[in-house]
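Residue-level listing of the chains:
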Amino acid sequence: MTDQLLPDCHACILSVDQFWRDSLCQRLTELESADSEDQRRCVLSISSTSTAEELLQQAMTDGALQCVVLDGAKLSEAANVASELRKIRSELDIFIAVSPDQTPVEDGSELVDRDDTRAEILLRRLRRAIAKRASTPFADTLREYVEGARDAWHTPGHSSGDGLRESPWVADFYRMMGEHVFNADLSVSVQELDSLLDPSHVIHAAQDLAADAFGAKHTFFVTNGTSMANKVIVQHMLGNAGKMLVDQACHKSVHHAAIMSGVDPVYLPASVNEAYGLYGPVSKESIYHAIAAHPDARLLVLTSSSYDGFYYDLEPIISRAHAAGMKVLVDEAWYAHGYFHPRLRPCALECGADYVTQSTHKMLSAFSQASMIHVADPEFNEGRFREHLNMHTSTSPQYGLIASLDVARKQMSMEGFLRLDRCIAYARELREGIADTERFRVLELEDMLPDEVAHDGLRLDPTKLTIDVSRAGCTARELQKLLYEKYSIQVEKITHNTLSVLVTLGTTQSKVLRLLNALRSLARDIPEKPVQSLPPSVLPALGDIQISPREAYFGESEELPLSDASHGVNKALVGRVSADQLVPYPPGIPVLVPGQLINADVLDFLLNLYHADSGIELHGLTKHDGRPMIRVTRRQLG
């Protein structure tokens, strides 16, 4: 058992055999009441029930429930209950009590001897299971090393902050960050902290626990975000060439991967809700058509959920891709929480995805840049994959990021359901409170869905709220500034007539009340008046791809100005081929990719966005003497 004090936990026994159930419950409770060392570290309260319905209801409402003991006298029934439990609470430790003459059912549950009268053995196993999930092998080792206060004669050069602490110039930075930020910033010289590039000890153990927690066969920690994770998987799957089907609205990292790995991308047209400037998923019809039309494609890449919370009906899509011999990568950067609440499931791994990337920092509690790669590919070559991973991973990873991944996994394993239940309740409170202002409203799925995907079985993540501000009496950008400057509230993003806010594990009741009070005040204080309608900030459709992204990016090129002498669109760019990727951020979806034919619609969009005060960055656009420039290939089409 870990030396760490653990919160009180619950265990429940299910059996229709009242004598067996009650006697076991009584013996376990008596053992728990003893003043033992284990008991002081974790109080495990024992309850019992005679019906599966009561147990399933308890799982839906009792966040402290951590383990369940099922009477396996009727083994198939016990296995069915275990399966239903896992649909509700993926993290629970489930034990099935069986007799020696019974044939075990391979369902992932632990088996215990039903005829063994030594309750103390079962109690130890329950405690051990809870302690295993509550352990953080890497974070614990890092903490112990830091607390050892060892002298550092190795990198990094600040040497546990000693290089900053007494400086008259930078000591303020040391004080702001805190001593342990520097104490925990170590290097590969500390061998007991294991190696991210070739883990064999505490990092290996932490990744194994993460695989168990997130439902994967293998999990890899990534310290340069899901951007790096996507590049690694595309490189691993397609190497120095190959074709992939890819959601047009995927993150720019997938497009970068196409350049780096020489991949031939087939872009699938994203759906668009022009009324609110929102991108939706690719329609099922488009995906199925592309799978049939490109039998030589080896990888399908989808983003689920999207920035705005759209989540695909993945299972039939993945089944169709697998039937055609394609592997599937799902970018779940915004959905790392999906496996830990029944309202959010099924997630991509449950639907059969081969590879899943997640930004553990976006909706969970890890540090920024901390992400995970989850693998379920039955043909996975771990040795080759690790080489691809190491090509992109720094040999000097930030150990605080690794520790934060370990801790974020622990949090979801132990209290993910409880925390997410709270998040969903906060989201509901926000929806109702915002509607009461009568000037703002949170959009529902049917409001946001583009017409072409209205019948595709899409879901909406309830923790991502898109607020319609059309009746605000000011623009969305002005409202964003008012919230920030007057009420110290920073929202996630805006479109021309919406604000987006995220309800995360860090959302509190006081934050909910402050946001509601701010919106109520703004609804009261801003006169309701027509606002000059801005053109929807919807990205134009991706144009035709003329040459491969890699050829366009690395080939001969020149830069041409975006605007002409009269500050209008430079018509000389129409019909040229882009050599770079141009990406408005947020949301990070490319307008141009290398090899794409440039048309007037794209140029109009870019010029309007460049001159607008929208708070959106334009990645890939360069400047010469203050003029925006686009790099194009020298190769002329004819």
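This is a predicted model, so every value here is computed, not measured.

A. Inspection of the overall build of the protein chain at higher detail. On a plain count of helices and strands, the protein chain comes out with 21 helices and 25 strands. What you see for the protein chain is a C-alpha radius of gyration of 27 Å, in line with the 26 Å of a compact globule of 638 residues. Each of the three principal axes of the protein chain carries a C-alpha extent, and together these read 90 × 60 × 60 Å. Counting the 638 residues in the protein chain, one finds 56% classified as buried. Sequence separation of at least 24 residues holds for 73% of the intrachain contacts in the protein chain that already meet a minimum separation of 6. Split by element, the accessible area of the protein chain, about 28200 Å² in all, is 50% carbon and sulfur. Distance from the positive charge centre (61 side chains) to the negative charge centre (87 side chains) of the protein chain: 3 Å.

B. Quick peek at the sheet that holds strand 25 (residues 627-633). Pairing within the open sheet is antiparallel, and its three strands lie in the order 21-25-24. Because the sheet does not close on itself, it has two edges, and the strands there are strand 21 (557-561) and strand 24 (622-624). The mean angle between the axes of side-by-side strands here comes to 50 degrees, regardless of whether they run parallel or antiparallel.

C. Summary view of the packing of aromatic side chains. Enumeration according to the criterion identifies twelve aromatic pairs in this entry. Centroid distance Tyr339 to Phe340: 5.8 Å. Interplanar angle 75 degrees. Geometry classified as edge-to-face. Classification of Phe340 by relative accessible area gives buried; the value is 1%. Here Tyr355 and Phe380 contribute two aromatic rings whose centre-to-centre distance is 6.3 Å and whose plane-to-plane angle is 65 degrees, an arrangement assigned as edge-to-face. Taken as a pair, Tyr355 in strand 14 (residues 355-358) and Phe380 in the loop between strand 15 (371-375) and helix 15 (382-392) lie far apart in primary sequence, 25 residues in all. When sorted by exposure, Tyr355 lands in the same class as Phe380, which is buried. One aromatic cluster is present, built from ring pairs that chain together Phe220, Tyr355, Phe380 and Phe385. Over the ring of Trp334 we find Lys362, and its NZ or CZ is 5.0 Å from the ring centre. Over the face of the ring belonging to Tyr553 we find Arg631, whose NZ or CZ atom lies 5.3 Å from the ring centre.

D. Structural view of the sheet that holds strand 16 (residues 441-442). Strand order in this open sheet of four strands is 16-18-20-19, and the pairing throughout is antiparallel. The outermost strands of the open sheet, each flanked by one partner alone, are strand 16 and strand 19 (493-494). When strand 16 meets strand 18 (residues 464-468), the two strands line up antiparallel, connected through two bridges. Of the residues in strand 18, the one forming a bridge with Val442 is Ile467. Packed on one face of the sheet, helix 18 (residues 476-487) meets strand 19 and strand 20 (498-502) and runs near 40 degrees to strand 20.

E. A look at empty space enclosed by the protein. Inspection of every chain in the model, using the stated rule, returns one cavity of 30 Å³ or more. Around the largest cavity, the lining residues are Tyr307, Asp308, Lys464, Thr466, Glu492, Lys493, Ser500, Val501 and Leu502. Counting residues per element, the ones that place at least two in the lining of the largest cavity are strand 18 and strand 20. Looking at the lining of the largest cavity, the element that brings in the most residues is strand 20, giving three residues. Of the residues contributing to the lining of the largest cavity, the split by class is three nonpolar, two polar and four charged.

F. Focus on the pattern of salt bridges. Inspection of every chain in the model, using the stated rule, returns 27 salt bridges. The salt bridge partner of Glu558 is Arg634, with a shortest N-O separation of 3.8 Å. On the criterion of sequence distance, the pair formed by Glu558 in strand 21 and Arg634 in the segment after strand 25 is long-range, its members being 76 residues apart. With relative accessibility at 45%, the residue Arg634 sits in the partly exposed group. Each of Asp17, Asp71 and Arg114 takes part in one network of salt bridges that share partners.

G. Representation of unusual backbone geometry within the structure. Residue Ser304 is joined to Ser305 through a cis peptide bond whose omega torsion reads 5 degrees. In this structure, the amide linkage connecting Arg345 to the following residue, Pro346, adopts the cis form with an omega of 5 degrees. With respect to the element layout, Pro346 can be found in the loop between strand 13 (327-331) and strand 14. Positive phi values are uncommon outside glycine, yet Glu438 reaches one of about 65 degrees. Residue placement: Glu438 occurs in the loop between helix 16 (399-436) and strand 16. The exposure class of Glu438 is exposed, given its relative accessible area of 61%. The backbone of Ser488 shows a phi angle near 60 degrees, a positive value even though the residue is not glycine. By secondary structure assignment, the location of Ser488 is in the loop between helix 18 and strand 19.

H. View of the environment of Arg520. You can see Arg520 is positioned in helix 19 (residues 509-525). We classify Arg520 as partly exposed; its relative accessible area is 36%. As for Arg520 and Glu432, which are separated by 88 residues in sequence, their C-alpha atoms are 12 Å apart. A polar side-chain atom of Arg520 sits 3.1 Å from a polar atom in the side chain of Asn517.

I. Structural detail: the side chain of Arg21. Among the structural elements, Arg21 can be located in helix 1 (residues 18-33). Classification of Arg21 by relative accessible area gives buried; the value is 10%. A polar contact is formed between the side chain of Arg21 and the backbone oxygen of Ser15, at a distance of 2.6 Å. Once you skip the residues sitting within four places of it in the chain, Arg21 turns out to touch Ile13, Ser15, Val16, Ser48, Thr49 and Ser50.

J. Fine view of the environment of His218. Positionally, His218 belongs in strand 6 (residues 218-222). Spatially, the C-alpha atom of His218 lies 9.8 Å from that of Tyr355, the residues being 137 residues apart in sequence. In this structure, His218 is in contact with Ala211, Ile373, His374, Val375, Phe380 and Glu382, ignoring residues within four places of it in sequence.

About the cut-offs
Residues numbered from 1 in each chain as written. Predicted model: local features only at pLDDT ≥ 70, side-chain atom pairs only at ≥ 80, totals over all residues. Heavy atoms only, no water. Helix = DSSP H or I, 4+ residues; strand = E, 2+ residues; numbered from the N terminus. Rg over C-alpha atoms; globule rule 2.2 N^0.38 Å. Buried < 20%, exposed > 50% of the residue type's maximum accessible area, 1.4 Å probe, protein only. Contact = heavy atoms within 4.5 Å. Areas by Shrake-Rupley, 256 points an atom, 1.4 Å probe, with all protein chains shown as cover. Lys, Arg positive; Asp, Glu negative; His and termini not counted. Charge placed at Lys NZ, Arg CZ, Asp CG, Glu CD. Pairing = 2+ DSSP bridges. Axes fitted to C-alpha atoms, helices over the stretch in contact; angles between N-to-C directions. Phe/Tyr/Trp six-rings, centres within 6.5 Å; stacked < 30°, edge-to-face > 60°. Lys NZ or Arg CZ within 6 Å of the ring centre and 35° of its normal. 1 Å grid on protein atoms, 1.4 Å probe; cavity = no way out; pocket = protein on both sides within 12 Å on 5 of 7 lines; lining within 4 Å. Points joined across faces, edges and corners; volume = space filled by probe spheres on them. Nonpolar A, V, L, I, M, F, W, Y, C, P; charged D, E, K, R; others polar. Salt bridge = Lys/Arg side-chain N within 4 Å of Asp/Glu carboxyl O. Polar contact = N/O pair within 3.5 Å; in protein donor to acceptor, adjacent residues only side chain to side chain.

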